[in-house]
Each structure stands twice: as C-alpha cells, then as structure tokens.
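The lines below spell out each chain.
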Amino acid sequence: MAESQNLLLQQIKEQGDLVRKLKAAKESNEKGMIINKKKQDLGQIDRHLSQYSYICGYLPSKYDLELLKSINFDVDFYKYVYIKRWWYHMRSFSDSERSLLPDSKPTRDVIDLLKPYHSVNYDYQIQEEVSKLLGLKAQLNTEDAAPQKFTLKTPKGTRDYNSQQMSIRNNVLQKITTIFKKHGAECIDTPVFELKEVLTGKYGEDSKLIYDLKDQGGEILSLRYDLTVPLARYLAMNKITTLKRYHIAKVYRRDNPAMTRGRYREFYQCVCFRSTCDFDIAGQYDPMIPDAECLKVVTEILDVLDIGKYILKVNHRRLLDGMFEACGFRSTCSTIDKLDKLPWAEVRTEMINEKGVTPEAADKIGEYVQLNGSSELALKLLSDEKLSKSKSAVEGLEGIKLLLHYCELMGIKDKILFDLSLARGLDYYTGVIYEAVLTHPIKIGNEDQTVGSIAGGGRYDNLVGMFDSKNKQVPCVGVSVGVERIFSVLEAKLAAGDIVVRTTDIDVYVASAQKNFLDERMKICAELWNAGIKTEQSYKKNPKMLNQLQHCEENGIPFAVVLGESELKRGVVKIRNITSREEAEVPREKLVEELETRIANFGLKEMNGST
C-alpha cells in the first residue's frame, strides 16, 4: 500500500510540474504577443469538413487531435456547422480510444490549409492536464485509509427544506397547477440535462451561467438553464405545432446566489425566472390573444397566493429594437434590463464604457427608457418624431396597444404597466415581454428587502425553428412564475408569525381516554383509512390522553375520535373539535359519515380564511 501511494505521489508531483510549466509558457507567450488573439477564420476548414468527416477523410486520426488542440475556440465556432459536428465527435473519444488513432497524413493542400492553426492552444492543454492531475489526486484519496474530516453542508446556492417549508412549497405549487389546468394546459416533463449544443447560444450573456457536465458516453451535456429552450427542442423533435402546456421542475444556474432573496443555483421554475412553473402556448393564433391570457394567468396566480401588492410590467422587443435604431445604436438590452436595480446614471455609464454607445445615443435612449404608462403612452409614442419612422417601433407600439385593450376586457388593466425600461436579457424573445414585481419590500428578519421579479415571460416565435431541420417556425408565448422568490416571501411571513402552516394533512386522530383500547383504535383507523379519511393514532399501547390532544394541537389536526368504555357499550363515540374543544357523541355506525361532513366544512372554512 505504501509503495502504491508513493508512486501516486510521484505521479502527482510530475503532473503538477507539467501544469505549472504549461501555465508559465502560456503567460510568457501572452506577454510576448506570440499567441494570435485575432478571430480565426475557420470557413475553409468548415468547407473541407462538409465533404469529409475528418481531416484526413472518413476516419479519425492523430492529425485531428493536433488540430483539436491548436484551434482557438474563444471564437464563435458554433456558426460553423461542420466544425461543430467534428469538434463534438472528437471530444467524445476517451483517452484510450485516442491512443489507438492512426497516424494518417492529409494531402498537401489540406496541410497548407491547416498551417495557420498550428500554434499551441495552451488553454486546451492546461485543461486536459489539470483534469489528469485531479484524477490522480482523487485516486490517492481513494487509497488513503485514514479517515477524512469534512464539513456537512449543502453545496453553495442550494438548501434543504424542513416540513413547514415543504408544506408552503407544495401548497403554492398546487394552487399554481390548479390555475394552469383551469386554462386548459397539459403537463409535460423533459430531462434535467440536455445536449450542450441545444442550450448554446440561446441566452445571450447569461450563457456563462450554464452548468456543463463532464463528457459521459460520448455526449457533451449541460444542466438545463430554464424550461423554455427544452420545450422548443421538445416541440421541434416531436413535430408539434400546437400545444398549451405547463411544466414544474428544477433548473440550474451557475450564478452568485442570494439565499435570502430566493436566488439559488438549484431552483424551481415556472418558466424562465428564479425558480420553475412553465405555462406556454404554442401555435398559430391571432395577435395578442394568447399573450393576454398569459398575463391573466399571472394575475390569477399572484392574487390567489396573496403575497403582496404587485404590478405587471409589459414591453415589446420590436419596440426596443426600433428605439435603439432611432437612437443610432443597435441593441443594449442586457444593460437596459438592469434599470430595475440601478439608477439611470449607472446604466448610462455602463452603456458608454462597456457597450460602446456614444454619450449622445445613450442620452436619446435615456429619454425613452424612463417612460411608463398605459395605452395613452402607446398612442403618444406612435406620433413620436423618431419612433414613427421606425417600422419595428411602430409594430411594437401597435402590439402593445392591442395587448392593453385585451387586458382591459379581461379586467386586469389596473394591474398592467407599459414600461419602456423592461428589456429582459434573454436572446430568444421576439415580441411582447412582461415581468411582475412586488411594489412593496418584504420584511426578512429585521430588514426590509426588495424581492424583485416574481414572474416573467414573453413571446419567442423563432426558438423552435432553431431546432428544426427545415427551420419551420412555431410561434410561442410563455410565462414563468418565480416560485422560489414566492417561497422566500411566504417563509418570511411564517417566521414573523403572520401565517400558520400545517405540516401534515391528517384530519382525524383516533385517541383513547383509558388503557387497553389499542385493538379498538386500530379497527377504527382501518375503517377511516378504507373510507379515504386521513387518520393517525399513537404508536403506544396506552398513551396519555393529554399527550394525544397536545399532538393534535401542535400539528393542526382538526378532529379527534375519543374512545371510552362507557361510550362503546352504548354504541357511540365522541368527536372532539380540537380548536373549540367541543365534543359530541355520534352513533358508531355513522362515524364515517359524520367525519366526512365535518372535514368538508372545515376545508371550506380554510379556503375562506376562517379559523
């Protein structure tokens, strides 16, 4: 064992030295400007691979591995279809498979074609050698017989949930599901991970937050970032053009967590914002009708959850495009989207310093993005000197005007705000975008905290076509309910004593006031279970009456069936209301019927907020 460990330690030392040398060489080259940082033109290689599977023809060779190590993949190589296919395939080979590849040589014209790419790609080599080093260290830890101390904790950005927290979550999700079903939505599910190429290029700057998984079985995979892109893949793969669906599941983001504000790395989503319940409508319909229904769904959910006053902001991506065009700049959506967190002065500075916007153009944009209102604002902007000349802006404003009209018909106009600062940074939105925010801070601990967005979504008409071989478009509109943030608000209310949560659904507790009633208790429990009544009893033969009633009070159990010798001789049992402490005798044969009536009435009082 000692000899094996010494050998591993020596290999780890040598591998560590190799990694350090590669890092030093990279640093030296960067200082000496040896590495070409310019975007590589891979068009010729892409054309070559459109005719051949590999560099040397139709079989992989070590020459493919050399090219794999030398190409600078900082470039946007995903636009090269055949290089992308080749790259993923070469990455799927294991080390043992790579060692068996033949030394085939390409033709002279191909060698000349590849000469510009023979510089060393240190990033790739460092990544490969660090991976080997970590493998050796893991092997050493496996062979080390000494017990290892570690801290018991959940990974950063994740958490456990106790029974009260899970009761809140299940109650929220049940209410949301009920509303989705009321609007005719069907439930689907997709894998928790997708092929990396499915997710790549769909999220703009947020793509860096995608969790990549280690190559397994020849596939490069990533954990899903949201539920919308997997839906688009699902529609395209199954050739579905009409669907109204909901999806409640976990998604994953390599983000900086803010646990108290409901910002996690693992969270539930109801489509694409801070946790997941998805409601999407796919198919060809008249403009703004399904969009307005999505807004109606959001208001119904937030009303039934009763977490506080809110406003539902709406905007149009075409209006944003036209606005940027009219101001002399292409697009700064990801920066504009920060206006709910930063003052305009800071956003303006970022636009100028990081996005290359001129101060004049930034000031013009600022005149618009600080506007908000209703349909009157849309009418006013339609006659704006700059925006009226932009086809995109006019299209967006007409859409907003129609949407607000439908919202008025649905009775939710007072909850909608047309806000030109709303941008939503995700690249796949093409039309209406919307976002619900609480208008008042929530007290968490001793501090008032702004929760931020609790729902969002919009139209994404081109996303499905990106996965279809014939680029067939399936117009879609969806809404995402930020259930994690809703959970955080309700948990804060629970901690403050503003709400009470039942951690069990038990309706009846079978108790006994005297000893030696276990057999009779078990008979009644079985009878109630068979009738579908949620029931429990003590697991002690002769429990104390006070302990049994205290268990009911602590767990919010509304009724107790109390057994006594004299009552059973008379063919009756007592039903006790735990809250009021009132007791009533009922015939033994009518126990189930009486309990069903009382439980139904109790459920109605709970729904109406009665005690």
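Here is what the cut-offs are and how they apply
- Residues numbered from 1 in each chain as written.
- Predicted model: local features only at pLDDT ≥ 70, side-chain atom pairs only at ≥ 80, totals over all residues.
- Heavy atoms only, no water.
- Axes fitted to C-alpha atoms, helices over the stretch in contact; angles between N-to-C directions.
- Helix = DSSP H or I, 4+ residues; strand = E, 2+ residues; numbered from the N terminus.
- Parallel < 35°, antiparallel > 145°, perpendicular 65-115°, else oblique.
- Left-handed = near helix turned anticlockwise from the far one by under 90°.
- Contact = heavy atoms within 4.5 Å.
- Nonpolar A, V, L, I, M, F, W, Y, C, P; charged D, E, K, R; others polar.
- Pairing = 2+ DSSP bridges.
- Salt bridge = Lys/Arg side-chain N within 4 Å of Asp/Glu carboxyl O.
- Phe/Tyr/Trp six-rings, centres within 6.5 Å; stacked < 30°, edge-to-face > 60°.
- Buried < 20%, exposed > 50% of the residue type's maximum accessible area, 1.4 Å probe, protein only.
- Lys NZ or Arg CZ within 6 Å of the ring centre and 35° of its normal.

Caption draft 1: Representation of the packing of helix α8 (residues 163–182) against helix α18 (residues 483–495) within the structure. Remark: α8 packs on α18, axes separated minimally by 10 Å, with the N-to-C direction vectors making an angle of 130°. With respect to each other, α8 and α18 are oriented oblique. The way α8 lies across α18 gives a crossing that is right-handed. Contacts between α8 and α18 involve Gln164, Gln165, Ile168, Arg169, Val172, Leu173 and Ile176 from the first element and Val483, Glu484, Ile486, Phe487, Leu490, Glu491 and Leu494 from the second. Of the residues assigned to the contact of α8 with α18, the class counts are nine nonpolar, two polar and three charged.

Caption draft 2: How the structure looks around the sheet that holds strand β18 (residues 572–577). Read from one edge of the open sheet, five strands run β16-β15-β17-β18-β19, paired in mixed fashion. Because the sheet does not close on itself, it has two edges, and the strands there are β16 (535–537) and β19 (583–587). Strand-to-strand twist of the sheet, defined as the mean angle between neighbouring strand axes without regard to direction, takes the value 30°. Bridge analysis of strand β15 (residues 508–512) against strand β17 (residues 559–563) gives five bridges, and the strand direction is parallel. Bridging across to β17, valine 508 finds its partner in phenylalanine 559. Sitting on the sheet, helix α19 (residues 518–530) is in contact with β15, β16 and β17, with an inclination near 165° to β16. Along the sheet, helix α20 (residues 545–554) contacts β15, β16, β17 and β18; its crossing angle with β15, the most-contacted strand, is approximately 170°.

Caption draft 3: Structural view of the pattern of salt bridges. For the coordinates displayed, the defined rule picks out 24 salt bridges. Close ionic contact of glutamate 491 with arginine 159 constitutes a salt bridge, the shortest N to O distance being 3.2 Å. Taken together, the positions of glutamate 491 in helix α18 and arginine 159 in the loop between α7 (122–143) and α8 put the pair 332 residues apart, joining distant regions of the chain. Across the pair arginine 233 and glutamate 194 runs a salt bridge whose closest N-O atoms are separated by 2.8 Å.

Caption draft 4: View of the packing of aromatic side chains. Here the structure, examined in full by the defined rule, presents two aromatic pairs. Look at phenylalanine 180 and tyrosine 246: their rings are 5.5 Å apart centre to centre, the planes differ by 35°, and that puts the pair in the tilted class. Taken together, the residues phenylalanine 180 in helix α8 and tyrosine 246 in strand β4 (residues 243–252) connect sequence positions 66 residues apart. Taking 6.1 Å as the distance between ring centres and 75° as the angle between the ring planes, the aromatic pair formed by phenylalanine 559 and phenylalanine 602 counts as edge-to-face. In this pair, phenylalanine 559 is assigned in strand β17 and phenylalanine 602 in helix α22 (residues 591–607), connecting sequence segments 43 residues apart. Judged by its relative accessible area of 5%, phenylalanine 559 is buried. Here the basic side chain of arginine 169 rests over the ring of tyrosine 161, its NZ or CZ set 3.8 Å away from the ring centre. A cation sits over an aromatic face here: arginine 253 above tyrosine 225, 3.9 Å from the ring centre.

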